[in-house]
Amino acid sequence: MIGYVLAVVSSIFFSLYVIPRKLTKLRPLYFSMLMGLGFFISSVMLYAFQPVLHFQETWSVQLWWSVLAGIIWAIGFVAFVKSIDAIGLARSNQWKNLQGPVAVILSLIILGEYASTNPVFALFAGVAVFLSAVCFTISSSREERKANLNGIYLATISGLAFGIVTVINKYVTTEVGVYSQQVVWSLGIFLSLFLYVVARKQLRRGLGGIARRDLLLGLSAGVIYLGASFFMLQAYRYIPAAIGFTIIQLNAIWTILIGINVFKELDFRSNYQRIGLGFLFAIFGIILLTFAHK
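Residues numbered from 1 in each chain as written. Predicted model: local features only at pLDDT ≥ 70, side-chain atom pairs only at ≥ 80, totals over all residues. Heavy atoms only, no water.

Colleague: Would you mind showing me how to read the overall build of the protein here?
Modeller: Broken down by element type, the protein carries 15 helices and zero strands. Radius of gyration (C-alpha) of the protein: 18 Å, near the 19 Å computed for a compact globule of 294 residues. For the protein, the C-alpha atoms occupy an extent of roughly 55 × 55 × 30 Å along the three principal directions. Counting across all 294 residues of the protein, residues that qualify as buried make up 54%. Long-range pairs, those at least 24 residues apart, make up 88% of the contacts in the protein with a sequence separation of at least 6. Counting only carbon and sulfur atoms, one obtains 69% of the accessible surface of the protein, whose full area is about 13,300 Å². Where the 22 positive side-chain charges of the protein centre and where its 9 negative ones centre are 7 Å apart. (Helix = DSSP H or I, 4+ residues; strand = E, 2+ residues; numbered from the N terminus. Rg over C-alpha atoms; globule rule 2.2 N^0.38 Å. Buried < 20%, exposed > 50% of the residue type's maximum accessible area, 1.4 Å probe, protein only. Contact = heavy atoms within 4.5 Å. Areas by Shrake-Rupley, 256 points an atom, 1.4 Å probe, with all protein chains shown as cover. Lys, Arg positive; Asp, Glu negative; His and termini not counted. Charge placed at Lys NZ, Arg CZ, Asp CG, Glu CD.)

Have a look at this one:
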């Protein structure tokens, strides 16, 4: 039961960490790099509480997988930020949540979780998430449809990247643990983006022009993501990744509510039928998971 609770808590943080993006116009690469830095700093601070938390983890060669996870995640997050800029938080998040089906399929195949997970129910849950994303892709003009396609493309790339990272997360959690993994993973995210930025002359010059407010927003996104990743990795200690990560897709509901009620991205009165259907598919996907665990 505790694994399910941890996954639900993680889903809330997964909705909150992208909100700072809506409050800044900072270039996606800069914002993603600062997010990675905030994630790394907060991960190191959490690791420093080892004497209090009494966790026992050995730094081993398996942590190199977390470096790879950081690079892949960085690519996915830049694509996700660009998709938010293109089609908004609510719609981009739904297509990004295709990471759920990707993670389920890869976890079943690579990690062998078919032994503890019913693939039929897990895959049907993934289909429900996809249908939910389709319902929320609402266009009112040709220009908006074109923007939607570009945003969908970027969000789908991020979903693929995040799904791959989930499998690595689960493996490293099993082999090593949570706290050291977060340090290495977040460092991989930050360094990959930082090295790319400093290697490009134009991007390097723009670093000095980042305003303090944008700096703080980027860093805060990383700190909030620490909560998302921490509870996600803790959940993986108790339940299969195929189930845990799909439960985390509950962030779809919280993010849609934020997009509609806070940022007014979708007109509820004009599209209440599609929005309602999207919610039903999202909830149905989670319900299917109650039958997925053998």
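Colleague: How should I be thinking about the pattern of salt bridges in this particular structure?
Modeller: A full pass over the atoms with the stated rule returns one salt bridge. The salt bridge partner of Asp-85 is Arg-21, with a shortest N-O separation of 2.7 Å. Taken together, the positions of Asp-85 in helix α5 (residues 64-87) and Arg-21 in helix α2 (residues 19-22) put the pair 64 residues apart, joining distant regions of the chain. The exposure class assigned to Asp-85 is partly exposed, which follows from its relative accessible area of 44%. Residue class for Arg-21 comes out buried when judged on its relative accessible area of 4%. (Salt bridge = Lys/Arg side-chain N within 4 Å of Asp/Glu carboxyl O.)

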